[in-house]
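# Fold and contact review
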Amino acid sequence: MSNIITENINDSIFYKNITRGLENNLVRFDETNNRIIYNCSRKYSTSFKNPEEKVRASYFIELVMDYGYPKENIDIEVKVERRIPDDRADIVVYTDSELKAPYLIVETKRDGITDSEFSQSIEQAFGNANSKRAKYAIVVAGNTKTAFNVAGFESSEREKNVIADIPVKYGKAPKYKYKKGDPSRDLRVAYREDLISALKKSHGSVWQGGKLAPTTAFDEVSKLLFCKLKDEKGTTKNDYYSFQVGSHETPQEVYDRIQDIYDQAKQDDPQVFQDRINLSPEIVYYVVEHLQSLSLNKTDLDTKGVAFEIFMKDFFIGKMGQYFTPRPVVEFCVKMMKPKQSDRVIDPSCGSGGFLLYAMDEVRQFAERNYDEFEAFTHWHSFAEKKLFGIEINDQIARVCKMNMIIHDDGHTNVIGHDALESLSEMQKINDEFKENSFDIILSNPPFGSTLKSKEVNYMKDFELGFTGNRERKSQKSEILFIERCVKLAKKGSGKIAIVVPEGVMTNNSLQYVRDYIMENCEILASVSLPESAFSHFGAGIKSSILFLRRKNDNEVLGDYPVFMAVAKQIGIDSTGREEKNELYSDEPESIFNQWNIYQSSKFNYKRTNNCYSLKISRIKEEGPLNATRYIWKPFFKNETGKITDIADLISDKITPSSETNEFLNFALIRMDEVQKNPVKIDNIIYCLGSEIEGSLKIVKEGDVLLARLGPSMLNRKIVVVPKIDQMVDFTIASPEFIVIRPKDIKDSYYIKGVLRTDLMLRYMYSKVRGGTPSRYRLNEEDFAKIDFPLADEGERYRRASLFERELNEYYEIVKDAEDQLVKSHQKIEIIL
């Protein structure tokens, strides 16, 4: 069998059909797999690289195997008389094997063409059918098909002569094509690529090239999907489905029938949608054509889940990316929480419903492994209906979530559109199940960065983290209040929480009170650091971690317990959305999930791996930050003659005294570009790294080592030794963005600089940075003073200092020569120009 087919057979009906054609000798491929040969009325060979060709091959096989037309009566690429010289019909079915009486003209197009392109194809099919005097014509663009009875109608008619389907083996065209329970006419299970394509085409028809906002268009598509599912479930056996286009039906007739389904669905479930279908009959007609052949109800959940997820991402990323948590992160959190059928699960910032759907799927998979079909269905449907809860502040996205869950066979009942930070009593007016201390599992990726002001919201006073001491805060970040909301929703003593938090909450000194609140109220089960690219594909670039917590009982006292820590450099998708290695959850032994399971069985004897380790809570309380990257780096210095010590032991004054005034008569400014030159005297205005300095400035002197404490600058080895200062200068100052290191002995200056410039030390120091965004990660002076540092004996330090200084001077000379050469080259180019 062709490699082209075996690689794609599970993704699309086209390749499934072509497989049938290969098995029945209707088509074959050449040795290169680049050309397809049709065994019709003649041997016809053509390139298979054209996307349209898989559509033609697939439909040719359907004509023979499903509609009963003899292959001897079918020709491919037939010249059309009275048309432009090179115009040809893609497929022609004849009533005779002599190919003299054309019966059906088939125009095939690649999957995914626009509605206007489809309309042009209809005109092309009619022109060919009229020229050939064929009775029927059909346009096939992927799974979208429209058939016509050409004979007996005006040449311009394109509505009354539409038929539900072409006749089977020269018979009569049916009134309707799709009939429930009929093996040959029932809806077919959708393959993933076919379903993705149908959803995209439906959105394209509704969106109309930008006439509707993406969310509005999605709303309207969701309504029609809702009708499609309602019709599939509600149609009784041996009856025709309503969600289809019948022979000789106008768009208005199709629209009215779909609107009737929708009106009934609104009565049954008024929370899903409230208004009418706000689309023209013609647009609804197009969407019905795209979707009518596929069964959403019969298609397996994995296929529907992937297709709907891709469909939503394609239209919302960049506009509403914050409502999507990467699938690998969602899957990992759910696997770590291990939801059971008896657990009450809530996501108070549910977005499109990813956490809820994966929790439902986890319970479903357990049921299907352990019970018979009916018991399994009852088991997980009961969980979906009664135990899954979601809150989403954006009403449109709340409807997306409900639709997403309906597509996955329900679970939308307890999803509400509401601000999750408002009083729970308000939510209980909608659903009285939303209570504190009542949920077994909380899964959440709350919105980051929104600043809530007490004068604009009325609920700040309801949160402990909304106060500083006894005074209500004027403002607070939304993610901080969400942390408290999640903790309060969890059952005391047993409720577990998996929450994505920004790096600033995990590290910033100013937010230590938030981390103290977490440790006072919860046992920290695990802290997993995510890569900076984790949310890039969704339009967000904030580095974050996942905290796994258990809410403590009142007065519960925990000892010096271990915390599982892990650093993921890859999560399964990169910043562009392409797949990569998944360090969170996979079958690999070193995946974080597998290491978590090993840790569970031997918490106090866990052997660290490259990215996983355990840490006593006392260490976290001592240092403050909660992020796993901070503690994973422990430098190992080889062949040292001395010892490992805190760098503070080499320094007389860790940070030199700050200036209390900016009134300098003569001063020099230390700049990064003054590495080996005397600092330049600048009058009146102080600049450093291109921006005006505000606040206290640090007085420095010859021999001090300056370390840029902004992470990106530090990693670029922005580390300098202050050179000898001009005697006319009264003060030499440095920006607050430098850490000023004053050695006890000036002879150690280049030793300290040389060690700090090594890759090992740079990465070690970078693991200690704090901050919310990568561009502002800072190394605090207090954290720097505690870093481990190799302290060789005095003679060895001085020898190495001399070596470092000599090597660095050579390096700077090489760089300077290269810069001079570059300038000369530019000058030569300018002369030539």
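Residues numbered from 1 in each chain as written. Predicted model: local features only at pLDDT ≥ 70, side-chain atom pairs only at ≥ 80, totals over all residues. Heavy atoms only, no water.

The strand order across the open sheet built from three strands is 1-2-3, with neighbouring strands paired in antiparallel fashion. Looking along the sheet, the strands with just one partner apiece sit at the ends: strand 1 (27-29) and strand 3 (43-47). On average, adjacent strands in this sheet sit at an angle of 25 degrees to one another, irrespective of strand direction. Bridging between strand 1 and strand 2 (residues 35-39) involves three bridges; their strand directions are antiparallel. (Pairing = 2+ DSSP bridges. Helix = DSSP H or I, 4+ residues; strand = E, 2+ residues; numbered from the N terminus. Axes fitted to C-alpha atoms, helices over the stretch in contact; angles between N-to-C directions.)

With respect to the helices and strands, the residue Val-514 is situated in helix 17 (residues 512-521). Classification of Val-514 by relative accessible area gives buried; the value is 0%. C-alpha separation for the pair Val-514 and Glu-484, spaced 30 residues apart in sequence, amounts to 9.1 Å. Among residues more than four places away in sequence, those in contact with Val-514 are Leu-465, Ile-480, Ile-483 and Val-505. (Buried < 20%, exposed > 50% of the residue type's maximum accessible area, 1.4 Å probe, protein only. Contact = heavy atoms within 4.5 Å.)

This part covers the packing of aromatic side chains. Where two aromatic rings form a pair, the distance of their centres and the angle of their planes describe that pair. Under the defined criterion, the tally for this structure stands at 24 aromatic pairs. Considering the side-chain rings of Phe-564 and Tyr-599, the 5.1 Å spacing of their centres and the 45 degrees angle between planes classify their relative orientation as tilted. Of this pair, Phe-564 sits in strand 23 (residues 562-567) while Tyr-599 sits in helix 18 (residues 592-601), placing them 35 residues apart in sequence. In this structure Phe-564 comes out as buried when scored by relative accessible area, which is 0%. Look at Tyr-599 and you get buried, because its relative accessible area is 1%. Here Tyr-585 and Phe-593 contribute two aromatic rings whose centre-to-centre distance is 5.1 Å and whose plane-to-plane angle is 70 degrees, an arrangement assigned as edge-to-face. For Tyr-585, a relative accessible area of 24% puts it in the partly exposed group. Overall, the relative accessible area of 10% leaves Phe-593 in the buried class. Positioned above the aromatic ring of Phe-126 is the side chain of Arg-158, whose terminal nitrogen or guanidinium carbon lies 3.7 Å from the ring centre. (Phe/Tyr/Trp six-rings, centres within 6.5 Å; stacked < 30°, edge-to-face > 60°. Lys NZ or Arg CZ within 6 Å of the ring centre and 35° of its normal.)

Now for the sheet that holds strand 26 (residues 612-616). Strand order in this open sheet of nine strands is 14-13-12-15-20-22-21-23-26, and the pairing throughout is mixed. In this open sheet, the two edge strands, each paired with only one partner strand, are strand 14 (415-417) and strand 26. Between one strand and the next, the sheet's axes are offset by a mean angle of 20 degrees, whatever the strand orientation. Looking at chain direction, strand 12 (residues 345-347) and strand 13 (residues 388-392) are connected through three bridges and run parallel. Among the inter-strand pairings, Asp-347 is bridged to a residue of strand 13, identified as Gly-390. Helix 15 (residues 478-489) rests against strand 12, strand 15 (441-444), strand 20 (496-502), strand 21 (522-529) and strand 22 (544-551) of the sheet, and its axis sits at about 175 degrees to strand 20.

This part takes up the packing of helix 2 (residues 13-23) against helix 3 (residues 51-65). Packing of helix 2 against helix 3 leaves a shortest axis separation of 8 Å and a crossing angle of 55 degrees. One element, helix 2, and the other, helix 3, form an angle in the oblique class. By crossing handedness, the relation of helix 2 to helix 3 is classed as left-handed. On helix 3, the residues touching Ile-13, Phe-14, Tyr-15, Asn-17, Ile-18, Arg-20 and Gly-21 of helix 2 are Lys-54, Val-55, Ala-57, Ser-58, Ile-61, Glu-62 and Met-65. Grouping the amino acids of the contact of helix 2 with helix 3 by side-chain chemistry returns eight nonpolar, three polar and three charged. (Parallel < 35°, antiparallel > 145°, perpendicular 65-115°, else oblique. Left-handed = near helix turned anticlockwise from the far one by under 90°. Nonpolar A, V, L, I, M, F, W, Y, C, P; charged D, E, K, R; others polar.)

Moving on, we come to the packing of helix 10 (residues 327-337) against helix 18. Contact geometry for helix 10 and helix 18: axes closest at 10 Å, N-to-C directions at 15 degrees. Classified by the interaxial angle, the pair formed by helix 10 and helix 18 is roughly parallel. The element helix 10 and its partner helix 18 pack so that their crossing is right-handed. Packed against helix 10, whose contacting residues are Phe-332, Lys-335 and Met-336, the element helix 18 presents Ile-592, Phe-593 and Trp-596 at the interface. A breakdown of the residues in the contact of helix 10 with helix 18 according to their chemical character gives five nonpolar, no polar and one charged.

Quick look at a negative patch on the surface now. On the surface, Glu-159, Glu-253, Asp-256, Asp-260 and Glu-282 cluster together to form a negatively charged patch. Here the negative patch takes three residues from helix 7 (residues 251-268), the largest share from any one element. With respect to the helices and strands, Glu-282 occurs in helix 8 (residues 281-291). Looking at Glu-282, the relative accessible area reads 43%, which means it is partly exposed. (Patch = residues over 30% accessible without salt bridge, like charges linked within 9 Å, V, L, I, M, F, W, Y side chains within 5 Å. Areas by Shrake-Rupley, 256 points an atom, 1.4 Å probe, with all protein chains shown as cover. Salt bridge = Lys/Arg side-chain N within 4 Å of Asp/Glu carboxyl O. Lys, Arg positive; Asp, Glu negative; His and termini not counted. Charge placed at Lys NZ, Arg CZ, Asp CG, Glu CD.)

With that settled, consider a positive patch on the surface. On the surface, a cluster of positive charge is contributed by Lys-453, Lys-455, Arg-471 and Lys-474. Locating Lys-453 in the fold gives a position in strand 16 (residues 451-453). A relative accessible area of 37% means that Lys-453 is categorised as partly exposed.

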